[in-house]
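# Per-entry structural report
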Amino acid sequence: AEMQRARSEKLEALGTLAAGAAHELSTPLATIAVVAKEVQRELAEMPVSDDLKSDISLIRTELDRCRHILDQMSTDAGQATGETLADVTSSQLVEEIRSLLDARLIDRLRIIDRSDDAVIRSPRLVLAQALRGLIKNAFDASPEGREVVVLLERTSKHLVMTIRDEGPGMPPEVLARIGEPFFTTKDPGAGTGLGIFLAKNVIERIDGTLRIESSSNDGTTVVVQLLRKPDPWDATSAGGVRGK
Ligand code: ADP
C-alpha cells in the first residue's frame, strides 16, 4: 500500500508539473502565433520566394499543433490531479480522510470537530489524500502509541484544520526545506518527499494556505486554512446590508 501511495504521489507530482508547464508555455506561444500570422500577412505582399512563404505557413501549422498538445496536456494533467471542484462539508472531508487511513492509526487519531459542518469547494478525494498525508506525517513523527489531534474550526471565511503531534518537531534546517519536492528525511522507500509539496499545491489551488509551526523537541503543528463557501444565510444578509 505504501509503494502504491508513493507511486501515485509521483504521478500526481508529474501531473502538477505538466499542468504548470503547459500553463506557462501557453502565453509565449500565443504571442508567437500572433506574430507569425502578421509576418505571413506581410510576406504575402512582398516579392519573396515561394519557399519562404511555405516556411512561414509551416511555422503556423506547427504552432497550431503545439497549442493542441498544450491544451491536451493541461486537460489530462487537470484530470490526473482531480481538478473538478465539488461542495464538501467538513464531516464529509473527515470521513474521506478516515477511510484513507490505516485502521490501527484511526484508533490513535483524535478528531475535535467544532466546524459546524462548514462547506468548502474542493477536489474532494485529492484534498482528502493531501490531508491524510499530513496526518500520516504526524503519526510517523509521534512516539509509539501517542495520539495525533486534528482540530476543525470555522472562522468567518475559513475552515481551519490544525494537525498537532507530540513528535520531535523539526530543526530549522528541515523546516527551511519543507515543501521542496523530493525533500525527505525518511528512509528511501518510506518517504517520497512529495507529501507536503503536493498538499501545499492542492491547498493553494483552492485559495487555501498551509502553515507549519515546529521547532526541535516541541512537536509539530500544521495549520491548513481552506476558503469556506459562504452560508446561504450570509449571502442573504450580505444582500440585506448592501449600501451600508
Ligand atoms: P515524506 O513524508 O515522504 O518524507 P513530506 O513532504 O510529507 O514527505 O515530508 C517531508 C519531511 O518533512 C519529512 O521527511 C520529515 O522530515 C518532515 N516532516 C513532515 N511532517 C513532520 C512532522 N509532523 N514532524 C516532524 N517532521 C515532519
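First, a word on scope: everything that follows refers to the structure included in this document. Throughout, a residue's number is its position along its own chain's written sequence, starting from 1. Local features are withheld for residues below a pLDDT of 70 in this predicted model, meaning they are given only at 70 or higher, and side-chain atom pairs are given and counted only at 80 or more; totals for whole chains, interfaces and linings count all residues. Calculated side-chain values reflect all of the structure's heavy atoms, with hydrogen atoms and water omitted.

## Structural notes on the overall build of the chain
To be explicit about the condition: In this description a helix means any DSSP run of H or I spanning at least four residues, a strand means any run of E spanning at least two, and both kinds are numbered starting from the N terminus. A radius of gyration in this sense is built from C-alpha atoms; the matching globule rule multiplies 2.2 Å by the number of residues raised to 0.38. When accessible area is computed with a 1.4 Å probe and restricted to protein chains, residues below 20% of their type maximum are described as buried, those above 50% as exposed, and intermediate ones as partly exposed. Working rule for contacts: check all heavy atoms of both residues, and any pair within 4.5 Å makes them a contact. Using a 1.4 Å probe, accessible areas were evaluated by the Shrake-Rupley method; residue-level cover was limited to the displayed protein chains.
Helix and strand content of the chain: eight helices and seven strands. Against the 2.2 N^0.38 benchmark of 18 Å for 244 residues, the chain shows a C-alpha radius of gyration of 24 Å, more extended than a compact globule. Taken along its principal axes, the extent of the C-alpha atoms in the chain is 80 × 60 × 30 Å. Residues classed as buried in the chain amount to 35% of the 244 residues present. Taking all contacts inside the chain whose residues are at least 6 apart in sequence as the whole, residues at least 24 apart take part in 71%. Here the chain has roughly 14500 Å² of accessible surface; of this, 56% comes from carbon and sulfur atoms.

## Thoughts on the side chain of H158
Note that H158 resides in strand β5 (residues 158–165). Judged by relative accessible area, which is 19%, H158 ranks as buried.

## Here we look at the sheet that holds strand β6 (residues 209–214)
Here is the rule: Should DSSP find at least two bridges between two strands, the strands are taken to pair. Lines fitted to the C-alpha atoms define the axes, with helices restricted to the stretch that makes contact. Angles between their N-to-C directions range from 0 to 180 degrees.
Spatial ordering of the open sheet is given by β2-β4-β5-β7-β6, a layout of five strands whose pairing is mixed. Each edge of the sheet is formed by a strand with only one pairing partner; in this case those strands are β2 (109–114) and β6. Sheet twist, expressed as the average angle between the axes of neighbouring strands with direction ignored, equals 15°. Bridge count for β5 against strand β7 (residues 220–227) is eight bridges, and the pairing is antiparallel. Residue pairing across strands places H158 opposite L227, the latter belonging to β7. The sheet contacts of helix α3 (residues 90–100) involve β2, β4 (148–154), β5 and β7, and relative to β2 the element is tilted by about 170°.

## A short note on the site of the ligand
Just so we agree on the cut-off: The nearness test applies per residue and asks whether one of its heavy atoms lies within 4 Å of the molecule or strand. Here a polar contact is taken to be a pair of N or O atoms separated by no more than 3.5 Å, where protein atoms must pair a possible hydrogen donor with a possible acceptor and residues adjacent in sequence count only if both atoms sit in side chains. Gly is placed with the polar residues, together with every amino acid not listed as nonpolar (Ala, Val, Leu, Ile, Met, Phe, Trp, Tyr, Cys and Pro) or charged (Asp, Glu, Lys and Arg).
Taken together, 18 residues sit near the ligand, with N137, D165, T184, T185 and K186 positioned nearest. N137 has a polar side-chain atom sitting 2.7 Å from an oxygen atom of the ligand. At 2.9 Å from an oxygen atom of the ligand is found a main-chain nitrogen or oxygen belonging to G193. Protein burial of the ligand: of its 540 Å² of free accessible surface, 93% is covered by the chains. Looking at the shell around the ligand, its residues break down into seven nonpolar, nine polar and two charged.

Everything listed here is a matter of coordinates, which is why it stays silent on function.
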